[in-house]
Amino acid sequence: MNEKKTAEAFNDIIERKAAEAFGSISRRKAAEDSNSVSERKPEKDPAQKLRKVFDTPNGKAFIPFLTAGDPGADATVRYILEMERAGADLIEIGIPFSDPIAEGPVIQEADIRALKGGMTTDGAFEIVRRVREKSGIPLAFMTYANPVFHYGYDNFFTKCGELGVDAIIIPDLPFEEKQEVETTANAHNVALISMIAPTSESRIQEIASEAKGFIYVVSSMGVTGTRSEISTDVSTIVTSIRKATDVPCAIGFGISSPEQAKAMAAVSDGAIVGSAIVKIIAGYAAKLSLEEAGAKDADTGRAEDAKGPGTGSAEDNGTKVCRTESAEAIYEASAAEIYHFVKKMKEAVLKA
């Protein structure tokens, strides 16, 4: 066998081994997903389905958030399925936007990463489609009025209804101006979630009386982000809500530890956590960036040393396999950390 045939044979072996390795990973993930994701069938009435989110042993729900496309669509799908496996009752998916006025630095940076990676509203819908192939867990979009208006209310909510998005949260949509959005959302069985903040004051009961699905209670003034303590008297807000409706209410903004989640769930019907999870994702996104930068430098160096087209060596192919395995290891580690974090938070909420 001459040198050329030897090299080709060696390349074939490497490619086959890589395919076998990744086939094994895919089969393992598929087995895990099939054993862990819910078999709940989508219901036509979103309010009824969202009520069931709080049908837990103690009537408290844990709701995690992540940004679609951070650090990539594949990762988002994987993280959602891991969150469900860890016990999440509903998952919020943020559609990245260039001007997220309610978000602190952590989620703003996640939006930037996702947008730089090419994530779009259609990309977020594609993520939901892929999740729905394996899971019936309740899903809510969190986004802003501009992306929904730009997409077209009817187009947007038609797609939500077709793919099984159960609810939408729009922080910059004033209560007094919600009618146009809510009418279209209702027509497609999507619940528009009401938000009540410490500044709502005299409007709390008015907003609560029209709420559907669940109420998002904002724990703190300002934007999203982890906080060492939450000083707002949220129990008074919840008491006021209870006078107007029996729709469940979950508290979000600033919750970052199991202790905080337990405390907030104790005075409400659940806890919502976003920035703390996005921080975990950001750490691994940085590692992926370094991995990709190193790979780019290595590829550039090999290109400069190449003697001509089609002369890639077996060593080069082996390096590419190792590089892909390294990226996969980062994704595996990030998914595992998210799973354990969500599991701890869920356990804390169940103790409330």
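What counts as what
- Residues numbered from 1 in each chain as written.
- Predicted model: local features only at pLDDT ≥ 70, side-chain atom pairs only at ≥ 80, totals over all residues.
- Heavy atoms only, no water.
- Core = buried A, V, L, I, M, F, W, Y, C linked by side-chain atoms within 4.5 Å.
- Buried < 20%, exposed > 50% of the residue type's maximum accessible area, 1.4 Å probe, protein only.
- Helix = DSSP H or I, 4+ residues; strand = E, 2+ residues; numbered from the N terminus.
- Contact = heavy atoms within 4.5 Å.
- Pairing = 2+ DSSP bridges.
- Right-handed = clockwise from strand over helix to strand, strands pointing away.
- Lys, Arg positive; Asp, Glu negative; His and termini not counted.
- Salt bridge = Lys/Arg side-chain N within 4 Å of Asp/Glu carboxyl O.
- Expected span 1.5 Å × (residues − 1).
- Arc of directions from axis to C-beta.
- Polar contact = N/O pair within 3.5 Å; in protein donor to acceptor, adjacent residues only side chain to side chain.
- pLDDT = per-residue confidence, 0-100.
- Axes fitted to C-alpha atoms, helices over the stretch in contact; angles between N-to-C directions.
- Parallel < 35°, antiparallel > 145°, perpendicular 65-115°, else oblique.
- Left-handed = near helix turned anticlockwise from the far one by under 90°.
- Nonpolar A, V, L, I, M, F, W, Y, C, P; charged D, E, K, R; others polar.

S.K.: Sorry, what's going on with the nonpolar core here?
M.R.: The tendency in soluble globular proteins is for nonpolar side chains to be buried as a group. Formed by 74 residues in total, the largest nonpolar core has its most connected members in I91, I93, F141, F156, F157, I168 and I215. In terms of residue count, the dominant contributor to this core is helix α13 (residues 314–350) (9 residues). Setting aside its immediate chain neighbours within four residues, I93 contacts F65, L66, A68, I80, V128, L139, A140, F141 and M142. In terms of nonpolar packing, the next biggest core, distinct from the first, is built from 25 residues, A191, A197, F253 and V278 among them.

S.K.: Teacher, can you tell me more about the pairing of strand β7 (residues 215–218) here?
M.R.: Consecutive side chains along a regular strand alternate between the two faces of the sheet. Covered by surrounding structure in β7 are I215 and V217 together with Y216 and V218, the residues of both alternating faces. Here strand β6 (residues 194–196) runs beside β7; their pairing, made up of 3 bridges, is parallel. Looking at β7, one finds that S194 is bridged to I215. Following the chain from β6 across helix α9 (residues 204–209) to the adjacent parallel β7, one finds a crossover that is right-handed. For β7 and strand β8 (residues 249–252), the ladder comprises 4 bridges, and the chain directions are parallel. Bridged to V218 within β8 is G252.

S.K.: Quick question: what am I supposed to make of the side chain of D111 here?
M.R.: Checked against the element boundaries, D111 lands in helix α4 (residues 105–116). Despite being buried, D111 has no salt bridge partner; R113 is the closest side chain of opposite charge, sitting 8.2 Å away. When residues no more than four places from it in sequence are discounted, the contact partners of D111 are T67, P96, F97 and P100.

S.K.: In this structure, what is going on with helix α3 (residues 73–86)? I would like to understand it.
M.R.: For the α-helix, the turn length of 3.6 residues means that residues three or four positions removed from each other point alike. Compared with the 20 Å implied by 1.5 Å per residue over 14 residues, the 20 Å span of α3 between its first and last C-alpha is a close match. Most of α3 sits inside the fold, with 11 of its 14 residues counted as buried. Inspection of α3 places A75, T76, V77, R78, Y79, I80, L81, E82, M83, E84 and A86 among the buried residues, and these make up the whole buried set.

S.K.: In this structure, what is going on with helix α10 (residues 234–244)? I would like to understand it.
M.R.: The complete set of buried residues in α10 reads V234, I237, V238, S240 and I241. Seen along its axis, α10 keeps its buried residues to an arc of 160°; they face one direction.

S.K.: I'm lost on the side chain of K60 in this one. Help?
M.R.: Note that K60 resides in the loop between α2 (46–53) and β1 (61–67). Despite its burial, K60 pairs with no opposite charge; the closest candidate is D269, at 5.0 Å N-O. Of note is the side chain of K60, whose polar atom sits 2.5 Å from the backbone oxygen of S268. Excluding residues within four positions of it along the chain, K60 makes contact with F54, D89, A265, A266, S268, D269, K346, V349 and L350.

S.K.: Even after reading the chapter, I still don't get the confidence of the model for the chain, so can you show me in this structure?
M.R.: In low-pLDDT regions, the fine details of the predicted coordinates are not to be read closely. Per-residue confidence for the chain gives a mean pLDDT of 82; residues scoring 70 or more make up 74%. Here residues 222–231 scores under 50 on pLDDT; set against residues more than four positions off or in separate chains, the count is 36 contacts. Low confidence marks residues 295–303, where pLDDT is under 50. Its contacts with residues over four positions away, or in another chain, come to 5 contacts.

S.K.: What exactly am I supposed to notice about the packing of α3 against helix α5 (residues 121–132) here?
M.R.: Two quantities define a packed helix pair, namely the angle between the helix axes and the distance between the axes. Two numbers describe how α3 lies on α5: the axes approach to 10 Å, and their chain directions differ by 45°. By the angle between their directions, the pair α3 and α5 is classed as oblique. In the crossing of α3 with α5, the sense of the turn from one axis to the other is right-handed. Two secondary-structure elements touch here, α3 through A73, D74, T76, V77 and I80 and α5 through I127, R130 and V131. For the contact of α3 with α5, the residue count by class is 5 nonpolar, 1 polar and 2 charged.

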